[in-house]
Amino acid sequence: MPLSISYSSSADTSVIELAGELDASTAGELHEVIEKASARGLGTVEIRMAKVGYMASAGLRSLVFARQKMGEGVEIRVVGANEAVARVIRAAGLDRSVQLIDE
Amino acid sequence: MSEQVAVGERASVLRVPASLGSLGAISVLVLDLAGQGGLGEAARYRLRLAVDELATNAVIHGYRGRPGEIAVTGEVTADLVVIRLVDRAPRFDPRSRWRRPEPGLPAHARPIGGLGIHLALTSVDEFSYAYLDGRNVCTLAVRR
């Protein structure tokens, strides 16, 4: 199932907007964009997930990858994740590595 | 490359190549069956997630890129929606790899390999595993 990804950045924030489904068949594309965002070296990375209807553990791996790729000083925000997606993030304890923010 | 056969009114079988590209077709079957069973949104998500994780695991860690097949059978019973995943990858009982996340460690410092299995096994209401005639048979069920 498809995942669409857009990337933009402002003075201090990288914004990655996702729409669709994040599973093992689509997470690879997200890794590429995370690398791009990491290379920009900005202080905040915002991953907008309001339009993500489904996320499997491959998506968690992407968040871990983002955390490892960005320096400790970089804030990673996951914005607008629906309840089911947020539950998966919490079940893995990742809500202590990234900030879960309601829209 | 996939074939879905209706077996009676409330059961179906899907045979797909063991590749990540098959995950979508498997999810379609699971969601269809969840709909037939009248599962709520949360239960539907849990069942899909569990099946998706175990199928992904069979593709990546079971077949490891070798050609193979995954058969998915679904059934709605009086009180359950049941999905059975069958593969011919090397013998593997998911419960043997069940590692709970270690709360003391920051997430990015933990091994993440067992997470999919953790999610799968904690998402369903019933799980069983059998190794029969050289096949891994995982049965997952969510209450209606």
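One can find the structure itself at the top, above this paragraph.
Residues numbered from 1 in each chain as written. Chains lettered and ligands numbered in written order. Predicted model: local features only at pLDDT ≥ 70, side-chain atom pairs only at ≥ 80, totals over all residues.

**Section: the overall build of chain A**
Alright, step 1. Helix and strand counts for chain A stand at three helices and five strands.
Alright, step 2. Secondary structure elements of chain A, listed N to C terminal, follow the sequence β-β-α-β-α-β-α-β.
Alright, step 3. The C-alpha radius of gyration computed for chain A amounts to 12 Å, which stays within 12% of the reference 13 Å derived for 103 residues, consistent with globular compactness.
Alright, step 4. For chain A, the spread of C-alpha atoms along the principal axes amounts to about 30 × 25 × 25 Å.
Alright, step 5. By the burial criterion, 41% of the 103 residues in chain A qualify as buried.
Alright, step 6. Excluding contacts between residues fewer than 6 apart, the proportion of contacts in chain A whose partners are at least 24 apart in sequence is 70%. (Helix = DSSP H or I, 4+ residues; strand = E, 2+ residues; numbered from the N terminus. Rg over C-alpha atoms; globule rule 2.2 N^0.38 Å. Buried ≥ 20, exposed ≤ 12 C-beta atoms within 10 Å, placed from the backbone. Contact = placed C-beta atoms within 7 Å.)

**Re the overall build of chain B**
Alright, step 1. The number of helices and strands found in chain B is three helices and six strands.
Alright, step 2. Moving toward the C terminus, one meets the helices and strands of chain B in the order β-β-α-α-β-β-α-β-β.
Alright, step 3. Long-range pairs, those at least 24 residues apart, make up 63% of the contacts in chain B between residues at least 6 apart in sequence.

**Structural notes on the interface of chain B and chain A**
Alright, step 1. If you look at the interface, chain B gives 20 residues, while chain A gives 19 residues.
Alright, step 2. When its residues are assigned to classes, the side of chain B that touches chain A shows twelve nonpolar, six polar and two charged. (Nonpolar A, V, L, I, M, F, W, Y, C, P; charged D, E, K, R; others polar.)

**Describing the packing of helix α1 (residues 23-36) of chain B against helix α2 (residues 41-63) of chain B**
Residues and elements named next belong to chain B.
Alright, step 1. Where α1 meets α2, the axes come as close as 10 Å, and the angle between the chain directions of the two elements is 150°. Considering their axes alone, α1 and α2 lie roughly antiparallel with respect to each other. Along this stretch, α1 crosses α2, giving a crossing that reads as right-handed. Residue-level contacts link Leu23, Ile26, Ser27, Val30, Leu31 and Ala34 of α1 to Arg44, Leu47, Arg48, Val51, Asp52, Ala55 and Thr56 of α2.
Alright, step 2. Grouping the constituent residues of the contact of α1 with α2 by class yields eight nonpolar, two polar and three charged. (Axes fitted to C-alpha atoms, helices over the stretch in contact; angles between N-to-C directions. Parallel < 35°, antiparallel > 145°, perpendicular 65-115°, else oblique. Left-handed = near helix turned anticlockwise from the far one by under 90°.)

**Re the sheet that holds strand β5 (residues 99-101) of chain A**
Residues and elements named next belong to chain A.
Alright, step 1. The mixed open sheet is built from five strands, whose spatial order is β1-β2-β3-β4-β5. Whereas interior strands pair on both sides, the edge strands pair on one side only; in this sheet they are β1 (3-9) and β5. Strand-to-strand, the axes of this sheet are offset by a mean angle of 20°, without reference to chain direction.
Alright, step 2. Those strands touched by helix α3 (residues 83-91) are β3 (44-55), β4 (75-79) and β5, and its axis lies near 115° from that of β3. (Pairing = 2+ DSSP bridges.)

**A word on the packing of α2 of chain B against helix α3 (residues 115-123) of chain B**
All names here are of chain B.
Alright, step 1. Two numbers describe how α2 lies on α3: the axes approach to 8 Å, and their chain directions differ by 140°. Pair α2 / α3 crosses with left-handed handedness. Only Gly116, Ile117, Leu119, Ala120 and Ser123 of α3 make contact with α2, whose side of the interface consists of Arg46, Leu49, Ala50, Glu53, Leu54, Thr56 and Asn57.
Alright, step 2. Taken together, the residues of the contact of α2 with α3 sort by class into six nonpolar, four polar and two charged.

**Focus: α1 of chain B**
Alright, step 1. Counted at 1.5 Å a residue, the expected span for α1 of chain B with its 14 residues is 20 Å, and the 20 Å between its end C-alpha atoms agrees.
Alright, step 2. For α1 of chain B, the complete set of buried residues consists of Leu23, Ala25, Ile26, Ser27, Leu29, Val30, Leu33 and Ala34 of chain B. (Expected span 1.5 Å × (residues − 1).)

**Focus: helix α2 (residues 57-69) of chain A**
Alright, step 1. With 13 residues, α2 of chain A extends 18 Å between its outermost C-alpha atoms, agreeing within 8% with the 18 Å of an ideal straight helix rising 1.5 Å per residue.
Alright, step 2. Residues of α2 of chain A that are buried include every one of Ser57, Ala58, Gly59, Leu60, Ser62, Leu63, Val64, Ala66 and Arg67 of chain A, and no others.

**Considerations on unusual backbone geometry**
Residues and elements named next belong to chain B.
Alright, step 1. With a phi angle near 50°, Arg64 is a residue other than glycine that sits in the positive phi range.
Alright, step 2. A count of 12 C-beta atoms within 10 Å places Arg64 in the exposed class.
Alright, step 3. In this model, Asp133 sits at a positive phi of 50°, which is unusual for a non-glycine residue.
Alright, step 4. Locating Asp133 in the fold gives a position in the loop between β5 (126-132) and β6 (135-143).
Alright, step 5. Look at Asp133 and you get exposed, because 7 C-beta atoms sit within 10 Å.

**Topic: the environment of Glu83 of chain A**
Alright, step 1. Within the secondary structure layout, Glu83 of chain A lies in helix α3.
Alright, step 2. For the pair formed by Glu83 of chain A and Gly53 of chain A, sequence separation is 30 residues and the distance between their alpha carbons is 9.9 Å.

**Let's talk about the environment of His61 of chain B**
Alright, step 1. As for its position among the elements, His61 of chain B is in helix α2.
Alright, step 2. Here the alpha-carbon distance between His61 of chain B and Gly114 of chain B, two residues 53 residues apart in the chain, equals 11 Å.

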